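The chain contents come next:
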Amino acid sequence: MMREKCLITGGAGFIGSHLARRLLASGHEVTVMDNLFTGTKANIYDLLENPRFTFILHDVTQPFWGQFDTIFNLACPASPIHYQRHPVETTKTSFMGMLNVLELALKTKARVLHTSTSEIYGDPLCHPQPEAYWGNVNTIGLRSCYDEGKRAAETISADFAREYGVDVRLVRIFNTYGPNMHPHDGRVVSNFIVQALAPTT
Ligand SMILES: NC(=O)c1ccc[n+]([C@@H]2O[C@H](COP(=O)([O-])OP(=O)(O)OC[C@H]3O[C@@H](n4cnc5c(N)ncnc54)[C@H](O)[C@@H]3O)[C@@H](O)[C@H]2O)c1
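Let us look at the structure shown here.

Looking only at helices and strands, one finds five helices and six strands in the chain. Starting at the N terminus and ending at the C terminus, the chain contains elements arranged as β-α-β-β-β-α-α-β-α-β-α. Its C-alpha radius of gyration of 17 Å places the chain within 12% of the 17 Å reference for a compact globule of 201 residues. When its C-alpha atoms are laid out on the principal axes, the chain stretches across 50 × 40 × 30 Å. Evaluated residue by residue, the chain yields a buried proportion of 41% over its 201 residues. Sequence-distant contacts, at least 24 apart, represent 69% of the contacts inside the chain between residues at least 6 apart. Across the chain, 18 positive and 19 negative side-chain charges occur, with their mean positions spaced 4 Å apart.

Structure representation (structure tokens):
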């Protein structure tokens, strides 16, 4: 197996910290870039001493440079509590973060994997949603910063692939839960679990 240099934006968050561990376990070099907006160093504390691991405190909306084989773009407030409190920051992070990642990938020939979301389907009119479904999305609602931000990130990714040949893959993640997720994050599955575990009065 070839050792790859990997960048994970948003790697101090829930999914990113698991991805970092998995890539390190497979022998790769991992750089996590995160501004700790919703993530925490506690999620990656045990990785800091690994010589193949680097942490960079940086906001993905600001341009950055580095030579990587693969860039995993996860940076984005993902819980309704956070993105509805910081809607402008959320749209900015989704779109400008993606743009910065794609521009770096174009210059350095890195491969990109972007974590999109089932929320790009909005309030879907068909169930379950096939990939070819385009969605039913409100452009100006309270959730729009997240939904439309992620849609714009998909659009610019597809255009960078078509226009400049950047190797970019999109994954649309549905509700995911597990260790390193903040219990009061406001996500649906963790809310159910926290409520089920709460003592009855
Ligand atoms: N967990 C899920 O169920 C789910 C579902 C669909 C999509 N996703 C997507 O997967 C990705 C990771 O989600 P998660 O559940 O791990 O969320 P998370 O909030 O735990 O992780 C997001 C990370 O991005 C960082 N971040 C936010 N803004 C940033 C910025 N401007 N610059 C640098 N870092 C920034 C946060 O500090 C955090 O560490 C997100 O893009 C999210 O939209 C997650």
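A separate point is the pairing of strand 2 (residues 29-34). Taken across its six residues, strand 2 has five buried, putting it largely inside the fold. Both strand 1 (residues 5-9) and strand 2 contribute to a ladder of five bridges, which runs parallel. Across the sheet, Leu7 pairs through a bridge with Thr31, a residue of strand 2. A crossover connection joins strand 1 to the parallel strand 2 through helix 1 (residues 14-25); in handedness this β-α-β unit is right-handed. Pairing of strand 2 with strand 3 (residues 53-57) involves five bridges; the strand directions are parallel. Looking at strand 3, one finds that Asp34 is bridged to Leu57.

Turning our eyes to something else, we now look at the packing of aromatic side chains. Applying the stated criterion across every chain, the model contains four aromatic pairs. The interplanar angle of 25° and the centroid separation of 5.9 Å between the aromatic rings of Tyr121 and Tyr133 together place this pair among those described as stacked. Of this pair, Tyr121 sits in the loop between strand 5 (111-117) and helix 4 (144-164) while Tyr133 sits in the loop between strand 5 and helix 4, and the two are 12 residues apart along the sequence. The residues Tyr121 and Tyr133 share a single accessibility class, namely buried. Relative to Phe174, the ring of Tyr121 lies with its centre 6.4 Å away and its plane at 40°, an arrangement referred to as tilted. Note that Tyr121 is positioned in the loop between strand 5 and helix 4 and Phe174 in the loop between strand 6 (168-173) and helix 5 (188-197), a separation of 53 residues in sequence. Exposure remark for Tyr121: the relative accessible area of 2% places this residue in the buried category.

An ideal rise of 1.5 Å per residue puts 16 Å on 12 residues; helix 1 measures up with 17 Å between its terminal C-alpha atoms. When helix 1 is considered as a whole, its buried residues turn out to be Phe14, Gly16, Ser17, Ala20, Leu23 and Leu24. Each element contacted by the buried residues of helix 1 is listed here: strand 1, strand 2, strand 3 and strand 4 (70-73).

Phe64, Ile71, Met98, Leu102, Val112 and Val166 are the most contacted members of the largest nonpolar core, which totals 19 residues. Elements with a minimum of two residues in this core: helix 3 (87-108) and helix 4. Broken down by element, this core gets its largest block of residues, five residues, from helix 3. Ranked by size, the runner-up nonpolar core spans 14 residues in total, among them Ala12, Val32, Phe53 and Phe55.

Calculation criteria
- Residues numbered from 1 in each chain as written.
- Predicted model: local features only at pLDDT ≥ 70, side-chain atom pairs only at ≥ 80, totals over all residues.
- Heavy atoms only, no water.
- Helix = DSSP H or I, 4+ residues; strand = E, 2+ residues; numbered from the N terminus.
- Rg over C-alpha atoms; globule rule 2.2 N^0.38 Å.
- Buried < 20%, exposed > 50% of the residue type's maximum accessible area, 1.4 Å probe, protein only.
- Contact = heavy atoms within 4.5 Å.
- Lys, Arg positive; Asp, Glu negative; His and termini not counted.
- Charge placed at Lys NZ, Arg CZ, Asp CG, Glu CD.
- Pairing = 2+ DSSP bridges.
- Right-handed = clockwise from strand over helix to strand, strands pointing away.
- Phe/Tyr/Trp six-rings, centres within 6.5 Å; stacked < 30°, edge-to-face > 60°.
- Expected span 1.5 Å × (residues − 1).
- Core = buried A, V, L, I, M, F, W, Y, C linked by side-chain atoms within 4.5 Å.

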